[in-house]
Number of protein chains: 2
Amino acid sequence: MKVSTKGRYAVRVMLDLALHNTGEYIPLKEIAARQGITVKYLEQIIGMLNRAGFLQSLRGNNGGYRLTKAPEEYTIGSILRITEGDLRLTPCIEENGQECERSETCAAMSFWTGLDKVIADYVESYTLADLMKQAEDTNWDYYVI
Amino acid sequence: MKVSTKGRYAVRVMLDLALHNTGEYIPLKEIAARQGITVKYLEQIIGMLNRAGFLQSLRGNNGGYRLTKAPEEYTIGSILRITEGDLRLTPCIEENGQECERSETCAAMSFWTGLDKVIADYVESYTLADLMKQAEDTNWDYYVI
DNA sequence: AGAAAAACCTATTGAAATAGTAGGAATTCA
DNA sequence: TGAATTCCTACTATTTCAATAGGTTTTTCT
C-alpha cells in the first residue's frame, strides 16, 4: 500500500519542468542531475508522461521536454494516474466498471468506495501550480530540487 | 498501491465476528466457511488481530474467537493497521518519525502528508458498528457473509 | 484415559510487482 | 559527419503478496 517510485518521480519531474520552464526544451540529463535519478530510469517515466500528451518533446541536439499546458491544468491526480494506473486502493470496482462478485452483499463496499473517493478528491484538488507555490514559498532554489 | 488481501480479510473477519457475536467463542472454521477463505490463511490473519489484543481466543474443543470490545470501539483504521502496518502511501515520514532526506526542500511534502491525513481521518471515522449497520440495512443474512 | 477439535506457530513456495539496468535505434542540430 | 538527444523494449535482481503446509499445544467431551 505505497505509491511507487514511478509515481513519486513523475510528480518530481513534472514539477521540475514547471519550475524550470523557459519555453525552451529541457534535456532529461539536466532533470536527472537535479533530481538525483538516473537518466535511464527517468526515460521510462517521462516516456509515459509524454505518450499521455502531458509533454512536448524534441529529439536530437538541444532537444528535451517541456510542458504542453499551464501548471494549473495538471492535477497531481492526473500525473499519478499516468504511472500508477487507477488509484483505487481496492478492487471492489474494476477499471472497466465491473464490480466484485460480493458487491451485492458486501457491507464494506461503501467504506472502500468512500475511501477511494476521498483519495480521488484530494489528488484532484492539487495542481502543479500549487506545488510550485510551495517550492517558491520555501528557499527551493538554493537547493537542488 | 492496493490494500492487501490480509487487510481486506481482516475487516471481513472482524465484521463476521461482530455480526455473529453471541458471547460464545466462534471457531475459525465457521468464519472461513462463511467468508470463503481457507482456515489456514485466516489463522495467520486472525492471529495478528489476536496478538494485538483485538480478540479473545479459547483453544480446544468448543474454542474459537470473540471480540473483546464493543463494535463501536474498533475503527476500521485500527484493524487495517494491524495487518497492513502503517497506512501512509509515501515514505516521507517513517514510522519512527524520521523524515526523508529531501523533506527540507521537498515541495511535494505537504501534498503527500496531506494525502496521508485524509486517508487516516477517513479510516478512523468508520467503525465496525457502522459496517454492521450497513450489513443490516441490506439483506445480508439471506446471503453468506 | 483417549479422541477430537480447536488454536497456535513458523517455514516454504509460486507468482507478481517493483525498481531499476542495459543496449541500441532513430532523430536533430551544428 | 558527429554529438546529443529522445525513443523503444528486453532483461534482472529484489521484494512483496498470497497462500500452502506441516506440525505442536491446549481444551473439552465421552
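Each remark here, short or long, concerns the structure printed above.
Computed from a predicted structure; not experimentally measured.

Participant: Please explain the overall build of chain A as it appears in this structure.
Facilitator: Check the secondary structure of chain A and you find six helices and two strands. When its C-alpha atoms are laid out on the principal axes, chain A stretches across 60 × 35 × 25 Å. Counting the 145 residues in chain A, one finds 48% classified as buried. For chain A, contacts bridging at least 24 residues in sequence account for 65% of all contacts bridging at least 6. Where the 16 positive side-chain charges of chain A centre and where its 20 negative ones centre are 7 Å apart.

Participant: Sorry, what's going on with the protein's contact with DNA strand C here?
Facilitator: Every one of the 26 residues lining DNA strand C counts as a neighbour, but K40, Q44 and R59 of chain A together with E43 and S57 of chain B are closest to it. A distance of 3.1 Å separates a base oxygen of DNA strand C from a polar atom in the backbone of N61 of chain A. Within the side chain of R59 of chain B, an N or O atom sits 3.3 Å from a sugar or linking oxygen of DNA strand C. Looking at the surface near DNA strand C, the elements that each hand over two or more residues are α1 (5-19) and α3 (39-51) of chain A together with α2 (28-35), α3 (39-51), β1 (55-58) and β2 (64-67) of chain B. A per-element tally of the surface near DNA strand C places α3 of chain B first, with five residues. Along the lines of polarity and charge, the residues of the surface near DNA strand C split into six nonpolar, 13 polar and seven charged.

About the cut-offs
Residues numbered from 1 in each chain as written. Chains lettered and ligands numbered in written order. Predicted model: local features only at pLDDT ≥ 70, side-chain atom pairs only at ≥ 80, totals over all residues. Heavy atoms only, no water. Helix = DSSP H or I, 4+ residues; strand = E, 2+ residues; numbered from the N terminus. Buried < 20%, exposed > 50% of the residue type's maximum accessible area, 1.4 Å probe, protein only. Contact = heavy atoms within 4.5 Å. Lys, Arg positive; Asp, Glu negative; His and termini not counted. Charge placed at Lys NZ, Arg CZ, Asp CG, Glu CD. Near = heavy atom within 4 Å. Polar contact = N/O pair within 3.5 Å; in protein donor to acceptor, adjacent residues only side chain to side chain. Nonpolar A, V, L, I, M, F, W, Y, C, P; charged D, E, K, R; others polar.

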